[in-house]
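In case you want the letters, here they are:
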Protein chains: 2
Amino acid sequence: MLFGKNSTWNPDGQHIYVTGGSTGLGLSLAIILVKRGAHVSIVARNQNKLDDALKELEEHRQHPNQKLAAHSFSLDTAEESAAALEAVCEPHDGRAPDAVFACAGSSKPKFFVEMSAEEMQNGMTNGYWVQAWTAMAAAKKMVRDRTKGKIILVSSTLGYMSFVGYTSYSPAKHALRADTLQSELMLYDIDVHIFFPPTMYTPGYEEENKTKPKITRDIESTDDGVTAEAAAVALFEGVRAGHAHITADMITTLFRASTRGVAPRHNIFLDPLYDMAAYIIAPIWKRSVDKRVREHRAEHRQYLVEAGFFA
Amino acid sequence: MLFGKNSTWNPDGQHIYVTGGSTGLGLSLAIILVKRGAHVSIVARNQNKLDDALKELEEHRQHPNQKLAAHSFSLDTAEESAAALEAVCEPHDGRAPDAVFACAGSSKPKFFVEMSAEEMQNGMTNGYWVQAWTAMAAAKKMVRDRTKGKIILVSSTLGYMSFVGYTSYSPAKHALRADTLQSELMLYDIDVHIFFPPTMYTPGYEEENKTKPKITRDIESTDDGVTAEAAAVALFEGVRAGHAHITADMITTLFRASTRGVAPRHNIFLDPLYDMAAYIIAPIWKRSVDKRVREHRAEHRQYLVEAGFFA
């Protein structure tokens, strides 16, 4: 692990389960896996999107006996997530998948003081539980089957850092990055990877922009996002390289190096350089954002008055 | 903020609300605040413990007009937490407290594959929501009252890093450290601080040891914990110094410097040195722990067999 890539994980012939596989990152990743010869099962809620996605996967089929499947499930609860996993495994003699990519999730940015308890809980469900329940069902099944598989969680740049607007989302993405699973599932030789994508130009991104506060959009306006395809490539290559924390852009790489905790390093020479760069860049960024938040106070108060917050 | 302490926060005469104030860290902190002349309200569940704690607080009373109060509430839901805050504010003309210390919380370590969905959810409730709901109620009230107050959350060293045994607790403590609130509540000039205590020798610690897996206890056996009193002093001094992230021991300080994200620094000269030290020490620690986890595989499998996991 010291000098980077030393693994040659090959999904060819493996059964791989991708949640959130009907759109965005999940779909792009599923396509990569199908092209590599994997049996791919996707799960999402919307049957129409699943039908379209499955058609797209079929276009990339490599072998006639490659098993491609789409199942409609909600993954909001432990029960539904376990049921989804069972349905996914059924055509594979009920055996645990070789790898599970938990790509499902969504974000609904909003001011903290305007949020209801339900909206806060939905943030945790759609950012954390929707993946944690799948990881739990998969871990139990892999251990019972003695499958030395892989579990991949999808956090966000907002799992390393955060700012105004993400009080329901960023805690969920931080919760995913806790590295406990990586340590604990070593007991069973199961690998855990966490992906930290930046802004991805996906249908989910368009959806979250509908509720995103103006100040949050302003702060993000200088961000360079990535396409779902580019993010999926980075994720796939990161898993192949055996990286515990995987990033898809330079900014998040700097945060990875400077927010590492006990996560295993990628490269003992490059990582300290990233860390040093972050040491200089992060406070400059933070100071400029803090300034914008403070300058936004009067306008925000006016907004809250008009929204009836004080009424 | 560049060169450390530059704040002189003085709780004298302020109304301060401490959750989990009947025992451990919360009680020790409440005593410090009473000694400093603050009006202190504590909330916890158990009425007997609250009665004992209030007696202890009374012993440290500085003025006859100091308002010391104890209220019994569960803080598990948004509704209960909001009701607790209202009860706490009632003797203070219903005004928001000047500072809220969310010290309530507990941990129940257990193997991931043995946990039920309910146990996982309890981990998030007792590690995250029990504080997030209080922060939400307090933020809304402070904004409505135009109180430029302080909200202090209590995470853990396990909010910076993690290892086997803490799959229900560490994600919750990571969720608390997301730094979103610190950024967002700048809109209202409300300060947010997060405390990261190491092992504290408290009744809560004895409770969590009852379910703690052997491998987790083994890994922790070399830890130097701190007393609740020492932790409370570090927390109080950290808030006085205006630190966004507050620690109470050297190991957690190293993690603070090396897991900082965009959290404001304490000292631009010392923090890089801590970061460099962590760069060397953390992987050594991680490697030794990984080795112990791997060596525990056979014993753990035997344990699971005996526990009926494969049955």
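Above this text you will find the structure in question.
Okay, so let's go over this structure. No experiment lies behind these values; they were computed from the predicted model shown. (Residues numbered from 1 in each chain as written. Chains lettered and ligands numbered in written order. Predicted model: local features only at pLDDT ≥ 70, side-chain atom pairs only at ≥ 80, totals over all residues. Heavy atoms only, no water.)

1. Some thoughts on the overall build of chain A
- Within chain A one finds twelve helices and nine strands.
- Whereas a compact globule of 311 residues would reach a radius of gyration of roughly 19 Å, chain A reaches 20 Å, a difference of no more than 12%.
- Summarising its shape, the C-alpha atoms of chain A cover approximately 60 × 45 × 35 Å along the three principal directions.
- Sequence separation of 24 or more characterises 74% of the internal contacts of chain A that already satisfy a separation of 6 or more.
- Total accessible area on chain A is roughly 12200 Å²; 52% of this is exposed by carbon and sulfur atoms.
- One way to put it: in chain A the 34 positive side-chain charges average out to a point 4 Å from where the 37 negative ones average out. (Helix = DSSP H or I, 4+ residues; strand = E, 2+ residues; numbered from the N terminus. Rg over C-alpha atoms; globule rule 2.2 N^0.38 Å. Contact = heavy atoms within 4.5 Å. Areas by Shrake-Rupley, 256 points an atom, 1.4 Å probe, with all protein chains shown as cover. Lys, Arg positive; Asp, Glu negative; His and termini not counted. Charge placed at Lys NZ, Arg CZ, Asp CG, Glu CD.)

2. Concerning the pattern of salt bridges
Residue and element names in this part refer to chain A.
- Summed over the entire model, instances satisfying the criterion amount to 36 salt bridges over all chains.
- Note that Glu86 and Lys141 form a salt bridge whose closest N and O atoms lie 3.3 Å from each other. Within this pair, whereas Glu86 is found in helix 3 (residues 78-89), its partner Lys141 is found in helix 4 (residues 117-145), the two being separated by 55 residues in sequence.
- Judged by its relative accessible area of 12%, Lys141 is buried.
- Lys212 serves as the salt-bridge partner of Glu220, at 2.8 Å between the closest nitrogen and oxygen. (Salt bridge = Lys/Arg side-chain N within 4 Å of Asp/Glu carboxyl O. Buried < 20%, exposed > 50% of the residue type's maximum accessible area, 1.4 Å probe, protein only.)

3. What to know about the side chain of Gln66(B)
Residue and element names in this part refer to chain B.
- Locating Gln66 in the fold gives a position in the loop between helix 2 (47-59) and strand 3 (68-72).
- Within the structure, the side chain of Gln66 is placed 2.6 Å from the backbone nitrogen of Gln62, a separation counted as a polar contact.
- What Gln66 contacts, discounting residues up to four positions off in sequence, is Leu33, Val34, Gly37, Ala38, His39 and Arg61. (Polar contact = N/O pair within 3.5 Å; in protein donor to acceptor, adjacent residues only side chain to side chain.)

4. With respect to the side chain of Thr199(B)
- Here Thr199(B) lies in the loop between strand 6 (191-196) and strand 7 (200-201).
- In this view, Thr199(B) contacts Tyr205(B), Asp223(B), Gly225(B) and Val226(B); residues no more than four positions away in its chain are not counted.

5. Some words on the state of the cysteines
- Scanning the entire structure with this criterion turns up zero disulfides over all chains.
- For Cys103(A), which is in no disulfide, the shortest distance to another cysteine sulfur is to Cys89(A) and amounts to 16 Å. (Disulfide = S-S within 2.5 Å.)

6. A short note on a negative patch on the surface
- A cluster of like negative charges, contributed by Asp51(A), Asp52(A), Glu56(A), Glu59(A) and Glu229(A), occupies part of the molecular surface.
- Summarising the element assignment, Glu229(A) is placed in helix 9 (residues 228-240). (Patch = residues over 30% accessible without salt bridge, like charges linked within 9 Å, V, L, I, M, F, W, Y side chains within 5 Å.)

7. Comments concerning helix 10 (residues 250-258) of chain A
- Taking burial as the measure, the nine residues of helix 10 of chain A include seven buried ones, the bulk of the element.
- Turning to helix 10 of chain A, its buried residues number three or more, namely Thr252(A), Thr253(A), Leu254(A), Phe255(A), Arg256(A), Ala257(A) and Ser258(A).
- Buried residues in helix 10 of chain A make contact with strand 6 (191-196), strand 9 (245-247) and helix 11 (270-295) of chain A together with helix 10 (250-258) of chain B.

8. Some details on the interface of chain A and chain B
- If you look at the interface, chain A gives 79 residues, while chain B gives 79 residues.
- Both faces combined, the contact of chain A with chain B buries some 6800 Å², and carbon together with sulfur accounts for 63% of it.
- Looking at the side of chain A facing chain B, the largest losses of area belong to Leu187(A), Val262(A) and Tyr279(A), adding up to 11% of the total buried there.
- Seen at the junction of chain A and chain B, the total is four salt bridges.
- Here Arg297(B) and Asp189(A) are joined by a salt bridge, their closest N and O atoms 3.7 Å apart.
- Counting across the chain A and chain B interface gives 26 residue pairs in polar contact (both at pLDDT 80 or more).
- Those elements that provide at least two residues to the side of chain A that touches chain B are helix 3, helix 4, helix 5 (170-176), helix 6 (180-184), helix 10, helix 11 and helix 12 (297-306) of chain A.
- With 14 residues, helix 4 of chain A is the single largest residue contributor to the side of chain A that touches chain B.
- In terms of residue class, the side of chain A that touches chain B is built from 44 nonpolar, 16 polar and 19 charged. (Buried area = accessible area lost by both parts, 1.4 Å probe. Nonpolar A, V, L, I, M, F, W, Y, C, P; charged D, E, K, R; others polar.)

9. What about the pairing of strand 5 (residues 150-154) of chain A?
Residue and element names in this part refer to chain A.
- Most of strand 5 is tucked away: five of the five residues are buried.
- Side-chain alternation along strand 5 places Lys150, Ile152 and Val154 on one buried face and Ile151 and Leu153 on a second face that is also buried.
- Between the parallel pair strand 4 (residues 99-102) and strand 5, the chain is carried across by helix 4, and the sense of this crossover is right-handed.
- Note that strand 5 and strand 6 share five bridges and pair parallel. (Right-handed = clockwise from strand over helix to strand, strands pointing away. Pairing = 2+ DSSP bridges.)

10. What about the relation of the copies chain A and chain B?
- Each copy superposes on the other: chain A lies on chain B with an RMSD of 0.0 Å after a rotation of 180° and an axial shift of 0.0 Å. The superposition of one copy onto the other is thereby described by a two-fold rotation axis. When each C-alpha of chain A is compared by its distance to the rotation axis, Thr259(A) comes out closest, at 1.9 Å.
- Same-surface contact between copies: 100% of interface residues of chain A are shared with the interface of chain B. (Least-squares fit on C-alpha atoms with pLDDT ≥ 70 in both.)

11. Looking at the sheet that holds strand 2 (residues 39-44) of chain B
Residues and elements named next belong to chain B.
- If you trace the seven strands from one edge of the open sheet to the other, you get 3-2-1-4-5-6-9, paired in parallel fashion. Of all strands in the sheet, those bounded by a partner on one side alone are strand 3 and strand 9 (245-247). When strand polarity is set aside, the average angle formed by the axes of neighbouring strands in this sheet is 15°.
- Here strand 6 runs beside strand 9; their pairing, made up of three bridges, is parallel. Note that in strand 9 the partner of Phe196 across the bridge is Thr247.
- Relative to strand 5 (residues 150-154), helix 4 (residues 117-145) is tilted by about 175°, and along the sheet it contacts strand 1 (15-19), strand 4 (99-102) and strand 5. (Axes fitted to C-alpha atoms, helices over the stretch in contact; angles between N-to-C directions.)

12. Here's the deal with the environment of Pro197(A)
All names here are of chain A.
- Structurally, the position occupied by Pro197 is in the loop between strand 6 and strand 7 (200-201).
- For the pair Pro197 and Ser156, spaced 41 residues apart in sequence, the C-alpha to C-alpha distance is 4.9 Å.
- Excluding residues that lie within four positions of it along the chain, Pro197 makes contacts with Val154, Ser155, Ser156 and Thr157.

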